[in-house]
Amino acid sequence: MPQNDTIQDLGLDEYQYHFITEDEPVFRSGRGLNEKVVREISAQKDEPEWMLEFRLKALEIYNAKPMPTWGGDLSNLENVLDEIYFYVRPQEKMERSWDDVPPNIKETFERLGIPEAEQKVLAGVGAQYESEMVYHSLKKEWDEKGVIFDSIEDGLKNHPELFREHFGTVIPSADNKFSAMNSAVWSGGSFVYIPKGVELDTPLQAYFRVNQEQMGQFERTLIIADEGSKAHYIEGCTAPVYSTESFHSGVIEIVVKPGAHFRYTTIQNWSNNMYNLVTQRALVHENATMEWLDGNLGSKLTMKYPSCYLMGEGAHGSILSIAYSGDGQHQDTGGKVIHAAPNTTSQIVSKSISKGTGRSTYRGLCQVHEGAINSKSNVECDALLINDTSRTDTYPYIEIEEKKSNIGHEATVSKVGDEQLFYLMSRGMDEAEAMALIVRGFIEPIAKLLPLEYAVELNRLIELEMEGSVG
Amino acid sequence: MSDTPILSIRDVHAKVADEDTEILHGVDLELGKGEIHAIMGPNGSGKSTLAKILAGHPGYEVTAGSITYKGEDILEAEPDERSKAGIFLAFQYPVEIPGVSIANFLRTALQSREEEGGELDLFDFQDELLARMELLGMDASFAERPVNDGFSGGEKKRNEILQMAMLRPELALMDETDSGLDIDALQVVADGVNKLHQENPDMTVLIITHYQRLLNYLKPHFVHVMVKGKLVRSGGPEVAEELEARGYEEFKTVEA
Ligand SMILES: Nc1ncnc2c1ncn2[C@@H]1O[C@H](COP(=O)(O)OP(=O)(O)OP(=O)(O)O)[C@@H](O)[C@H]1O
Ligand SMILES: [Mg+2]
């Protein structure tokens, strides 16, 4: 039984991964964010000079920018930020023991049927095991095709020119306060390059890579899909990520070159104390397609608006998202599409579910620049409320400078109806099963695009969540 | 044991849960195992209310009287418990469940009937579903359509009977299944119900209808007339014919 596992049982070297209490500051940056911390991170990673400068400049920008006052409630964030460590060396993340993982998290793992070894990885107390084999055979295929799928650190080391050409070009440090913060202290994440004309059938899963470096609090991912290539990248998993950290701020930059087709799928389920503030953006060139498929569950507050900058004629962007807010949670999510060239098309479909005192906000921007003639955009946001105490709001911003364009927006709010529940219950389902079926039907248009194992996990997760909604 | 009724309704008074107005003013009815009964009556007389109360709709409250099913008081039972005990209601107005296919819906419903830890055999399920759809003249592709979402009136009604065929109730309540069906569809559905009744002669059926036509195919043993929340007349199949000829006029003067 997991409860009795010790570090030895996990096959880890006890000396190397010894326990460190809060008072032992070995390997850790000090609390809070300052120049010393930034220099230390850069030195630890043995980075080139330009990256150190990049980080320091970003720190200045971070300090100069005020906290955003829109979106979710960030009033307590300053206190949180004063307390956290901005850099923790990877091996230190193993310091927690299985006994420290809260029982409710363990129970969720059990009920999701996640194998024990994987449970430990998810709880941050073990290394990745089984996926090693799969990873190696795929890696061979990728190497043969010239595909680069590395940690962001290795990307910088091994492909310095390609890296420098694109890093920070999609999301400049100055974009917002949190992109500046991430630019100053980023650590962990992926570097991906798909060469011209290469098409990959198997998705690149960040999950295979996490043993190299545990997913960071300040992950940074840079993806370049070269001309005519086609690939799918998957980040995260539906099981709750248990972390004692209460802050996650990632930056994901994607360049989709002419004629390329790229899909980025994220499913994240953070623990309920987490502020999750992520900036993710793609530059989409001529006749290229970018698809964001985004599932946000858990966290205390998530602010995340995947965006597509449609830069070349005929570019297409699509942003499909599912957000689930349970008691005390706020998902402030949506998407941004910028039409900067003629004949560009985009689609945003956002589905949110709020339960208990949960709150879901759709916040979206659709911008059509002058000259982007014949651009078409369609936005659809649907909110489902489970209880009378649940809440949803919609903030669609539309800025159109080009008359010859076609923008559609549609929003619906529905509540799980008594008649629906009665209908399903009269067929033998109990209230929780009935509720889960309604929710699954609601997200079906998006969930069906997920790889099967993710869709299955998502369904089970919804069932678990709905059990708590009844009574 | 056909002498013990499967369902017995005694002096039931009922109202909408959060309102005071009474809808049923003392209904008495007994259904023997394997019998086919029909209730007819003008619009708004309380037929659907009675059916929904039997299925356990939380929007209504029984204020007096008793309902026993297989000898047990079921008034406190939840709709899902009643369903598992064998009661089925084919809705007058079936409800849309967007994004949930008929196959998925039925699989979930049947899975919930399994014992704790039991797994529904998906191959058997699939075979059975296809066979039932064929029986009811439905195209196999129909199974993938979201439940009642965008269905025509007739398709909705046929889908109710498909569910009935899959769930194999012991007490089937059919609330105006015939309205919305074209003449051919009515015959197919009635044949389907007759087939189910042959498969299980113990299945008891309560048909709510406005028209004699359905009763030509599904021959009731007893016909009851509901007016203003009360059953004002009960008899054999001839009652339906009289109504067809004379309407409800003579009953409207009856004291409510
Ligand atoms: N939830 C409700 N709230 C308010 N009034 C209701 C409700 N349900 C039923 N009623 C009223 O109770 C009466 C009986 O309704 P019911 O639906 O049972 O009639 P019915 O006999 O099935 O009619 P029809 O033949 O038109 O289907 C009607 O006057 C109806 O308006
Ligand atoms: Mg009715």
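Just so it is clear, the model here is predicted, and its values are computed rather than measured. (Residues numbered from 1 in each chain as written. Chains lettered and ligands numbered in written order. Predicted model: local features only at pLDDT ≥ 70, side-chain atom pairs only at ≥ 80, totals over all residues. Heavy atoms only, no water.)

Participant: Mind laying out the site of ligand 1, listing which residues take part and the relevant values?
Facilitator: Residue and element names in this part refer to chain B. Neighbouring residues of ligand 1: 14 residues in total, closest G44, K47, S48, T49 and Y60. Between ligand 1 and G46, the relevant distance is 3.0 Å, taken from an oxygen atom to a main-chain nitrogen or oxygen of the residue. In isolation ligand 1 offers 630 Å² of accessible surface; the protein chains occlude 64% of this area. Of all the elements, helix α1 (residues 47-55) adds the most residues to the shell around ligand 1, at 3 residues. The residue makeup of the shell around ligand 1, split by class, is 4 nonpolar, 8 polar and 2 charged. (Near = heavy atom within 4 Å. Polar contact = N/O pair within 3.5 Å; in protein donor to acceptor, adjacent residues only side chain to side chain. Areas by Shrake-Rupley, 256 points an atom, 1.4 Å probe, with all protein chains shown as cover. Helix = DSSP H or I, 4+ residues; strand = E, 2+ residues; numbered from the N terminus. Nonpolar A, V, L, I, M, F, W, Y, C, P; charged D, E, K, R; others polar.)

Participant: Explain the domain arrangement of chain B residue by residue, including any values.
Facilitator: Residue and element names in this part refer to chain B. As assigned here, chain B comprises domain 1 (7-94 + 174-255) and domain 2 (95-150). The C-alpha-based centres of domain 1 and domain 2 are spaced at 26 Å. Between domain 1 and domain 2, the contact holds 11 residues from the first and 9 residues from the second. When domain 1 packs against domain 2, the two sides together hide about 730 Å² of surface, and 56% of this comes from carbon and sulfur. When residues of domain 1 are sorted by the area they lose upon contact with domain 2, K84, P94 and V188 head the list and together hold 49% of the total. The interface formed by domain 1 and domain 2 holds 1 salt bridge in total. (Domains from an automatic or database assignment. Contact = heavy atoms within 4.5 Å. Buried area = accessible area lost by both parts, 1.4 Å probe. Salt bridge = Lys/Arg side-chain N within 4 Å of Asp/Glu carboxyl O.)

Participant: Describe the interface of chain B and chain A, with residues and values.
Facilitator: Residue-level contacts link 34 residues of chain B with 17 residues of chain A. With both sides pooled, the region where chain B packs onto chain A buries about 1900 Å², and carbon together with sulfur makes up 66% of that total. Where chain B touches chain A, the interface holds 1 salt bridge. One salt bridge in this structure joins A:R427 and B:E160, with 2.7 Å as the shortest N-O distance. Taken together, the connections running from chain B to chain A amount to 13 residue pairs in polar contact (both at pLDDT 80 or more). Of all elements in the fold, only α1, α2 (79-84), β6 (87-90), α3 (102-111) and α5 (153-167) of chain B reach the threshold of two or more residues within the side of chain B that touches chain A. Across the side of chain B that touches chain A, the residue classes break down as 17 nonpolar, 10 polar and 7 charged.

Participant: Explain helix α12 (residues 452-467) of chain A residue by residue, including any values.
Facilitator: An α-helical segment advances 3.6 residues per turn. Residues three or four places apart therefore align on the same side. With 16 residues, α12(A) extends 23 Å between its outermost C-alpha atoms, agreeing within 8% with the 22 Å of an ideal straight helix rising 1.5 Å per residue. Residues A:Y454, A:A455, A:E457, A:L458, A:L461, A:I462 and A:M466 constitute the buried set of α12(A). (Expected span 1.5 Å × (residues − 1). Buried < 20%, exposed > 50% of the residue type's maximum accessible area, 1.4 Å probe, protein only.)

Participant: I'd love a proper account of the sheet that holds strand β9 (residues 222-227) of chain B, names of residues and values included.
Facilitator: Residues and elements named next belong to chain B. Strands sit in the order β6-β7-β8-β3-β9-β10 across an open sheet of 6 strands; the sheet is mixed. With one partner strand each, in any of the chains shown, β6 and β10 (230-235) form the two edges of the open sheet. Pairs of neighbouring strands in the sheet enclose a mean axial angle of 20°, with direction left out of account. Packed onto the sheet, α5 meets β6 and β7 (171-175) and runs at close to 165° relative to β6. (Pairing = 2+ DSSP bridges. Axes fitted to C-alpha atoms, helices over the stretch in contact; angles between N-to-C directions.)

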